[in-house]
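Inside the fold
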Amino acid sequence: MTTYILGWDVGGTKCASVVGTKEGEIVARAEWASAATQGPVAMIGEFQQQAASLAGRFGAFDGLGVSIGGPLNMKTGVVLSPPHLPGWSEVPLQKILKDTCASWLSPNAPVVVQHDAAACLCAEYLWGAARASSYAIYLTCGTGCGSGIMIDGQILMGPNGESPEIGYAQLADDGAEMNFCGRNRMGHTESFGSGTGVALLAHKRFPEIFPLGTSLHLVAQRAQEGDEAAVCVVRESARRVGQLCVTLAALFSPQVIVLGSLARYLGALWVEEIQSVFEATALPSNSRGTTIVSSQLGGRLQDLSAIAPVVIKQLGR
């Protein structure tokens, strides 16, 4: 008998509720605009409405998973003021969902609220580029930049459930200035390794070509066309992300580092530059077994990240 898992992918722009299996098949989904400015009560209420409709079709679920941006207490499922979700300050999301969604869940079904980067790593570990790798890292490199880190088959977190926030790590003294959790900074990972950061970097380096408000799509398109300024920006982003990968390898000796959304948007130019920096400068003793690859799950990743933490929990990892 097939059992189903309910998932919620929470984003600042869009949300999706999904129904999937432990084999990684998504059998139903609903997507809607996040309305993030309305705060957590409205967003949770919208998810509950969508999930109730799915429960009417599939019956009791074998678990409920949530993929959401951090900072986050990954032990308790308390959301700690993500910059893209206004009003989500100290929200006990796991407890709220356990209390309000119990009628849709089988007895003892787990409710798991996971940092989105770690949730994506779980999906890549189960069904994608990190399969058979018990030491693995996933870099979101999307709208923001985050990391999920797996050590000996376990997702890394701090002693009080803290989620790793690699976007805050300093890579340079300059770069685009961005707000990170209430602090205006430049030169941190997110300012080089996120879509928002790349677009701002293009404006900072070439303001006469890329005015303020330039989109990542425009930078990517011009780089693909061979525009010298755009190629320069993409390469600078890649070099900094490559340096980050060198540091991560020195610390954790991962078998694989999986690159998220920017690998798709910026393509081979970006990925190959990261690989080149890594091969030239990584510490051999800690990196000889490390490969750097793009996500294998593509457009399926966000949906699968919502159910993957439950599957990992069921496997006892």
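This write-up is about the structure you can find in this document. The shown structure was predicted, so the numbers you read here are calculated from the model rather than taken from an experiment.

In this section: the side chain of Ser194. For Ser194, the location among the structural elements is in the loop between helix 4 (189-193) and helix 5 (195-205). Residue classification places Ser194 among the buried residues on the basis of a relative accessible area of 0%. Among the polar contacts listed, one links the side chain of Ser194 to the backbone oxygen of Glu190, at a separation of 2.6 Å. Reaching out from Ser194, the side chain makes a polar contact with the backbone nitrogen of Gly197 at a distance of 2.9 Å.

This brings us to the sheet that holds strand 11 (residues 154-155). Read across the sheet, 5 strands follow the order 11-10-9-14-15 without closing on themselves; strand pairing throughout is mixed. With partners counted over all chains shown, the strands left at the sheet margins are strand 11 and strand 15 (291-294), one partner each. Direction of pairing for strand 9 (residues 136-139) relative to strand 10 (residues 147-151): antiparallel, over a ladder of 4 bridges. Looking at strand 10, one finds that Leu139 is bridged to Ser147. Sheet contacts for helix 3 (residues 116-127): strand 9, strand 10, strand 11 and strand 14 (256-259); angle to strand 10, the most-contacted strand, approximately 55 degrees.

As a further point, take the pattern of salt bridges. If you walk through the whole model with that rule in mind, you get 7 salt bridges. The salt bridge involving Lys14 is made with Asp9; its shortest N-O contact spans 3.0 Å. Of the residues examined, Lys14 reaches a relative accessible area of 26% and is grouped as partly exposed. Residues Arg29 and Asp303 are paired through a salt bridge, measuring 2.8 Å at the closest nitrogen-oxygen approach. Of this pair, Arg29 sits in strand 3 (residues 26-33) while Asp303 sits in helix 10 (residues 301-314); the two residues are 274 residues apart in sequence, bridging distant segments of the chain. Since its relative accessible area comes to 9%, Asp303 is described here as buried.

Let us look at the sheet that holds strand 1 (residues 5-10). If you trace the 5 strands from one edge of the open sheet to the other, you get 3-2-1-4-8, paired in mixed fashion. Each edge of the open sheet carries a strand with a single partner, namely strand 3 and strand 8 (111-115). Going across the sheet, the axis of each strand differs from the next one's by a mean of 15 degrees, ignoring polarity. Relative to strand 2 (residues 14-20), strand 1 runs antiparallel, the two being bridged by 6 bridges. Bridged to Val10 within strand 2 is Cys15. The sheet contacts of helix 2 (residues 93-100) involve strand 1, strand 4 (64-68) and strand 8, and relative to strand 8 the element is tilted by about 155 degrees. Those strands touched by helix 10 are strand 1, strand 2, strand 3, strand 4 and strand 8, and its axis lies near 130 degrees from that of strand 1.

Rules of the game
Residues numbered from 1 in each chain as written. Predicted model: local features only at pLDDT ≥ 70, side-chain atom pairs only at ≥ 80, totals over all residues. Heavy atoms only, no water. Helix = DSSP H or I, 4+ residues; strand = E, 2+ residues; numbered from the N terminus. Buried < 20%, exposed > 50% of the residue type's maximum accessible area, 1.4 Å probe, protein only. Polar contact = N/O pair within 3.5 Å; in protein donor to acceptor, adjacent residues only side chain to side chain. Pairing = 2+ DSSP bridges. Contact = heavy atoms within 4.5 Å. Axes fitted to C-alpha atoms, helices over the stretch in contact; angles between N-to-C directions. Salt bridge = Lys/Arg side-chain N within 4 Å of Asp/Glu carboxyl O.

These values are about where atoms sit, not about what they do.
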